[in-house]
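Listed below are the residues making up each chain.
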Amino acid sequence: MMKVEKISEHIWSLKTWMVIPFHVWVVVEEDGVTLVDAGMPFMAKGIINFIKQLNAGPLKRILLTHGHTDHVGAVKAILVENEVPVYAHRVEIPYLEGELLYPKRKKLEHNLPKQLTKPLSEELGNLQSIDGLTPYLTPGHSPGHVVYYHEKDQVLLAGDLFNSKKGKLHPPMFTPFLDEAVKSAAIVEKLKPKRLEVCHGSSVFNATEQLEDYVRKAEKKTGRI
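From a predicted model like this one, the values you see are computed outputs, not experimental measurements. (Residues numbered from 1 in each chain as written. Predicted model: local features only at pLDDT ≥ 70, side-chain atom pairs only at ≥ 80, totals over all residues. Heavy atoms only, no water.)

Caption draft 1: Quick peek at the layout of surface pockets. For the largest pocket, the calculated volume is near 240 Å³. Every residue lining the largest pocket is counted, 15 residues in all, and those nearest its centre are Asp70, His141, Asp160, Phe174 and His200. Broken down by secondary-structure element, the contributors of at least two residues to the lining of the largest pocket are strand 3 (20–29) and helix 2 (69–72). Among the residues making up the lining of the largest pocket, the classes are represented as six nonpolar, five polar and four charged. (1 Å grid on protein atoms, 1.4 Å probe; cavity = no way out; pocket = protein on both sides within 12 Å on 5 of 7 lines; lining within 4 Å. Points joined across faces, edges and corners; volume = space filled by probe spheres on them. Helix = DSSP H or I, 4+ residues; strand = E, 2+ residues; numbered from the N terminus. Nonpolar A, V, L, I, M, F, W, Y, C, P; charged D, E, K, R; others polar.)

Okay, here's the thing in structure tokens:
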């Protein structure tokens, strides 16, 4: 069971539940569709069917916010039907391929096969936009976590940079370096999105106004104040 919601002119949210909500996002541009994150394995069929029903062109690529299992689960099944490139930040790739141990995890995670994931394009240290989406490096939850900003729609697809409940920003779950994630939250002040989406929670419409309060509460959790 997957709930589909059109959240802006170009972006659809696909949501399922397994104790907590899981979101992935389908972004439509003139030449086809980009999938941001790939959720859990059981979401694959629903994602593939939705993209077909949308009839907005073929799936062109999969962009990952990071490589944890609940964000890459449907990748392999989707690639069986759609041979498209998969992208993540170059810092993240050795962790999701099982070369490096994710911080504070007990064992290596071989979440995707080696050499499947390509690094996001960079020029002079800046990540390059892909079909209306601009990635920004936001480490803390994972070493190479990125968020994707859709400038035209002013929507920030924030992955696990935050959790949210009832439209309020909360610190992300299972985050080894929360202090680093709190620093990464400054991207909200820089971009001032109209709408912010997280993987495990609800939409946030006034993230910029909430930021100061969020940082204060999150810093208490980190023990910095």
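Following the structure, the description resumes.
Caption draft 2: Fine view of the pairing of strand 4 (residues 32–36). Among the five residues that make up strand 4, five are buried, leaving the element largely enclosed by the rest of the structure. Of the strand pairs in this sheet, strand 3 and strand 4 are connected by five bridges, and their pairing is antiparallel. Paired with valine 26 across the two strands is leucine 35, which belongs to strand 4. Where strand 3 folds back on strand 4, the antiparallel hairpin that results is connected by two residues. Note: strand 4 against strand 5 (residues 59–63), four bridges, orientation parallel. When the sheet's bridge partners are listed, valine 33 is paired in strand 5 with leucine 59. As a crossover connection, the stretch from strand 4 through helix 1 (residues 44–54) into strand 5 is right-handed. (Buried < 20%, exposed > 50% of the residue type's maximum accessible area, 1.4 Å probe, protein only. Pairing = 2+ DSSP bridges. Right-handed = clockwise from strand over helix to strand, strands pointing away.)

Caption draft 3: Structural detail: the pairing of strand 11 (residues 146–150). For strand 11, the tally of buried residues reaches five of five residues, placing the bulk of the element in the interior. Bridge analysis of strand 10 (residues 133–137) against strand 11 gives five bridges, and the strand direction is antiparallel. Bridged to threonine 134 within strand 11 is tyrosine 149. Strand direction decides the pairing type here: strand 11 and strand 12 (residues 155–157), joined by three bridges, are antiparallel. Across the sheet, residue tyrosine 148 finds its bridge partner in strand 12, namely leucine 157. As consecutive antiparallel partners, strand 11 and strand 12 are separated by four residues, and within that stretch glutamine 154 has a phi angle of approximately 55°, a positive value.

Caption draft 4: Representation of the packing of aromatic side chains in the model. Taken as a whole and judged by the stated rule, the model has three aromatic pairs. Ring geometry for phenylalanine 162 against tyrosine 214: centres 5.0 Å apart, planes inclined by 75°, an arrangement best described as edge-to-face. Taken together, the residues span a long stretch of sequence, with phenylalanine 162 in the loop between strand 12 and strand 13 (163–165) and tyrosine 214 in helix 7 (residues 207–222) at a distance of 52 residues. Taking the relative accessible area as the measure of exposure, phenylalanine 162 reaches 2% and is therefore buried. Accessibility expressed as a relative area gives 3% for tyrosine 214, which makes it buried. (Phe/Tyr/Trp six-rings, centres within 6.5 Å; stacked < 30°, edge-to-face > 60°.)

Caption draft 5: How the structure looks around the sheet that holds strand 15 (residues 195–197). Ordered by their spatial adjacency, four strands build an open sheet running 10-11-12-15, and the pairing between neighbours is mixed. Either end of the sheet is taken by a strand with one partner, and the two such strands are strand 10 and strand 15. Across the sheet, the mean angle from the axis of one strand to that of its neighbour is 20°, orientation sign disregarded. (Axes fitted to C-alpha atoms, helices over the stretch in contact; angles between N-to-C directions.)

Caption draft 6: Spatial organisation of unusual backbone geometry. Within the chain, asparagine 55 stands out as a residue other than glycine whose phi angle is a positive 55°. With respect to the secondary-structure elements, asparagine 55 resides in the loop between helix 1 and strand 5. Of note, the phi angle at aspartate 131 is positive, near 45°, even though the residue is not glycine. Assignment of secondary structure puts aspartate 131 in the loop between strand 9 (126–127) and strand 10.

Caption draft 7: Region of interest: the side chain of aspartate 37. With respect to the secondary-structure elements, aspartate 37 resides in the loop between strand 4 and helix 1. Despite its burial, aspartate 37 pairs with no opposite charge, the nearest such side chain being arginine 105 at 13 Å. For aspartate 37, the side chain forms a polar contact with the main-chain nitrogen of threonine 65, separated by 2.8 Å. A polar contact is formed between the side chain of aspartate 37 and the side chain of histidine 71, at a distance of 2.9 Å. In this structure aspartate 37 touches Val24, Trp25, Leu63, Leu64, Thr65, His66, His71 and Gly159, once residues within four positions along its chain are discounted. (Lys, Arg positive; Asp, Glu negative; His and termini not counted. Salt bridge = Lys/Arg side-chain N within 4 Å of Asp/Glu carboxyl O. Polar contact = N/O pair within 3.5 Å; in protein donor to acceptor, adjacent residues only side chain to side chain. Contact = heavy atoms within 4.5 Å.)

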